[in-house]
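Summary of structural features
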Amino acid sequence: MSTLWDFLLKYSRWFLFTFYVVVSCILLFDTNPYQHYVWMTSAGRVTSAIYGVAANVTSYFHLHDINEDLQRRTADLELEVIGLRNQLRAMNEKVYADSLAHDSVMQPFDFIIAHVISNSVSRTHNYITIEKGRLDSVRPEMGVVDQNGVVGIVNVVGDHSARVISLLNPKMRLSCKVKGRDYFGSLVWDGRNPGEAVLEEMPRHERFRKGDTIVTSGYSAVFPEGIPVGTIISHEKEHDDNFYALRIRLLTDFSTLSTVRVIANDMRQELDSLTAGEENDSRTNP
Amino acid sequence: MTKTAIQFTILYIVLALAQAIVFNNVCLFGAAVPFVFIYVIIRLPMTLAVNWVLTIGFTLGLVVDIFSDTQGMNSLACTLLAMARRPILHLYFPREDELTMPEPSIRSLGPEIYGRYLFTMVLFYCTAIFLIEAFSLFDPLRIMLRVICSTFLTFLLLLGLDSVISRGS
């Protein structure tokens, strides 16, 4: 105890000096704004550096819990995204339906709006697949159009999807006529250019002008009359000299098909029953 | 209380008041500020215990601080000065026991040595106070300018003051 006391007495000046310096510093840093600011910011910098290192180390301890939480959240979010996407698709369909022009031609027809899920334009025989099927009231032999023009005819129907023969398929022939006239011919794709088709069997005595619109003739149970198909580019001579062949630029852009309408024709059953009756007649009355 | 103690008390009070009332408002050319009150610390007798020197220095600085609204700056600088007094004197006057008078003055040390001692003390104090006040090395040239100008001004004033007091005693 006495050595401690001696030590304290011997270095008393230093203790006193330190004490006075500390008191002065407290006064200095507390009351003068600039010194206060410097003190606080430097102290803050030092503490933040140390806390940063400590936090880095301790963050590893909670990784397991954070991981679980994140997985749960991700699963919830994914479900929500799927739900929202479905909603968005439904809204898009509604918007699409609202934006359709009211053709007087199309009034007696009902539409089923469908999305194209598979398409091709580069093969020799092209088919389109849509995501509506039997359960959505799609039947074979229904016509398919989009806002620009004719797309094709429904071929095979499943429960939730259907296959459509594209217009870009030589197996499909569409009966068309020049708008405003009554001369009709048969539109077929020649396999060369996906934006062009050939309208064959047009009578030779008729005069045709470039740019005239070609529409469906209505001579079918599938498409009503007056649906635009294309415009005339040029005419070419057919091997049969009595008939013209016209090169048509198709209005439908097959490479960007996304949403189409399937024409639900209420008249079809009636028409079919009429033709069925004809067949029965020919059978019974040879 | 001995005669020297009374003398020193009067000196303390007078110089502190003079600094607060008169010399704090002097700022020659925007750079030089006189610090006359440090004369008390410079003149303290060498026989006095260091603890007392420290205490007197601290309180002197504190009083001047309170008057000039710069809490802590002068007290810190005065404490440092009080601590540095003995080493600085040893720098110029190694044989301390040969002092004729216990207080360092022109009379006891001779003009050259006293001049050096005074100059060093004043320089030390001015550097300390301006660095504490700026608390950064922003614009170091300005700080240096103020230090040098204030040192010269204070040195001249204290030289004059010392000759007056020495002739008086």
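Analysis parameters
Residues numbered from 1 in each chain as written. Chains lettered and ligands numbered in written order. Predicted model: local features only at pLDDT ≥ 70, side-chain atom pairs only at ≥ 80, totals over all residues. pLDDT = per-residue confidence, 0-100. Helix = DSSP H or I, 4+ residues; strand = E, 2+ residues; numbered from the N terminus. Expected span 1.5 Å × (residues − 1). Bend = angle between axes of the 7 residues up to and from the residue. Buried ≥ 20, exposed ≤ 12 C-beta atoms within 10 Å, placed from the backbone. Contact = placed C-beta atoms within 7 Å. UniProt positions renumbered as here; feature names shortened; annotations may be inferred. Pairing = 2+ DSSP bridges. Axes fitted to C-alpha atoms, helices over the stretch in contact; angles between N-to-C directions. Parallel < 35°, antiparallel > 145°, perpendicular 65-115°, else oblique. Left-handed = near helix turned anticlockwise from the far one by under 90°. Core = buried A, V, L, I, M, F, W, Y, C linked by C-beta atoms within 7 Å.

1. Topic: the confidence of the model for chain A
In the predicted model, chain A carries a mean pLDDT of 83, and 88% of its residues have values of at least 70. The element-level mean pLDDT for chain A is lowest in helix 5 (residues 267-284) of chain A, coming to 65, with strand 5 (residues 162-166) of chain A highest at 92.

2. Points about helix 4 (residues 73-92) of chain B
The terminal C-alpha atoms of helix 4 of chain B lie 28 Å apart, and with 20 residues this matches the ideal 28 Å at 1.5 Å per residue to within 8%. Roughly 40° is the biggest bend found in helix 4 of chain B, and it falls at Arg85(B), with proline Pro87(B) one to four residues downstream. For helix 4 of chain B, the complete set of buried residues consists of Met73(B), Asn74(B), Ser75(B), Leu76(B), Ala77(B), Cys78(B), Thr79(B), Leu80(B), Leu81(B), Ala82(B), Arg85(B) and Leu89(B). Residues of helix 4 of chain B that are buried in the fold lie against helix 2 (12-31) of chain A together with helix 2 (39-43), helix 3 (50-68) and helix 6 (111-134) of chain B.

3. Some remarks on the interface of chain A and chain B
Contact with chain A, which involves 15 residues of that partner, is made by 15 residues of chain B. Listing elements by their share of the side of chain A that touches chain B, those giving two or more residues are helix 2 and helix 3 (33-59) of chain A.

4. Here we look at the UniProt feature "transmembrane region" (unreviewed entry) in chain B
Residue and element names in this part refer to chain B. When the UniProt feature table is mapped onto this chain numbering, "transmembrane region" (unreviewed entry) sits at residues 12-42, 48-67, 117-137 and 143-165. As annotated, residues 12-42 has a helix share of 45% and a strand share of 0%, and its two end C-alpha atoms lie 12 Å apart. Secondary structure within residues 143-165 divides into 100% helix and 0% strand; the distance between the first and last C-alpha atoms comes to 32 Å.

5. Comments concerning unusual backbone geometry
All names here are of chain A. Despite not being glycine, Ser137 has its phi angle at roughly 75°, a positive value. When you line up the elements, Ser137 lands in the loop between strand 2 (127-130) and strand 3 (143-145). Classification of Ser137 as exposed rests on a count of 12 C-beta atoms within 10 Å. With phi around 70°, Glu141 is a residue other than glycine that occupies positive phi space. Structurally, Glu141 is set in the loop between strand 2 and strand 3. For Glu141, a count of 14 C-beta atoms within 10 Å corresponds to the partly exposed category.

6. A short note on the sheet that holds strand 12 (residues 259-264) of chain A
The strands that make up a sheet are held in pairs by hydrogen bonds between backbone atoms, and each pair lies either parallel or antiparallel. Residue and element names in this part refer to chain A. Taking strand neighbours around the barrel as the criterion, the six strands line up as 1-2-5-4-3-12 in a closed arrangement whose pairing is antiparallel. Pairwise comparison of adjacent strand axes, ignoring direction, gives a mean angle of 45° for this sheet. Relative to strand 5, strand 2 runs antiparallel, the two sharing four bridges. Along strand 5, the bridge assignment pairs Thr129 with Arg163.

7. A look at the pairing of strand 8 (residues 196-203) of chain A
Residues and elements named next belong to chain A. Sheet topology places strand 7 (residues 184-188) next to strand 8; three bridges connect them, and they run antiparallel. Residue Ser186 lies in a different strand from strand 8, and its bridge partner there is Glu200. Taken together, the six bridges between strand 8 and strand 11 (residues 243-250) define a ladder with antiparallel strand orientation. Bridging across to strand 11, Glu196 finds its partner in Arg249.

8. So, the environment of Ile112(A)
Residue and element names in this part refer to chain A. With respect to the helices and strands, Ile112 occurs in strand 1 (residues 110-118). Owing to 19 C-beta atoms within 10 Å, Ile112 belongs among the partly exposed residues under this scheme. C-alpha separation for the pair Ile112 and Arg261, spaced 149 residues apart in sequence, amounts to 5.5 Å. With residues up to four places along the chain from it excluded, the contact list for Ile112 reads Lys132, Asp136, Ser137, Val138, Arg261, Val262 and Ala264.

9. Things to note about the packing of helix 3 of chain B against helix 4 of chain B
Residues and elements named next belong to chain B. Close contact between helix 3 and helix 4 brings their axes to 7 Å; oriented N to C, the two are set at 155°. Considering their axes alone, helix 3 and helix 4 lie roughly antiparallel with respect to each other. The handedness of the crossing between helix 3 and helix 4 is right-handed. Residues Val53, Leu54, Gly57, Phe58, Leu60, Gly61, Leu62, Val64 and Asp65 of helix 3 touch helix 4, and the partners they reach there are Met73, Asn74, Ser75, Ala77, Cys78, Thr79, Leu81, Ala82, Met83 and Arg85.

10. Description of the nonpolar core
Phe37(B), Ile38(B), Ile41(B), Ala77(B), Leu81(B) and Tyr125(B) are the most contacted members of the largest nonpolar core, which totals 45 residues. Elements that contribute at least two residues to this core include exactly helix 2 of chain A together with helix 1 (3-21), helix 2, helix 3, helix 4, helix 6 and helix 7 (140-168) of chain B. With 11 residues, helix 6 of chain B is the largest single contributor of residues to this core. Leaving out residues up to four positions away in the same chain, Ile38(B) has contacts with Leu81(B) and Tyr125(B). In terms of nonpolar packing, the next biggest core, distinct from the first, is built from 41 residues, Val138(A), Phe184(A), Trp189(A) and Leu199(A) among them.

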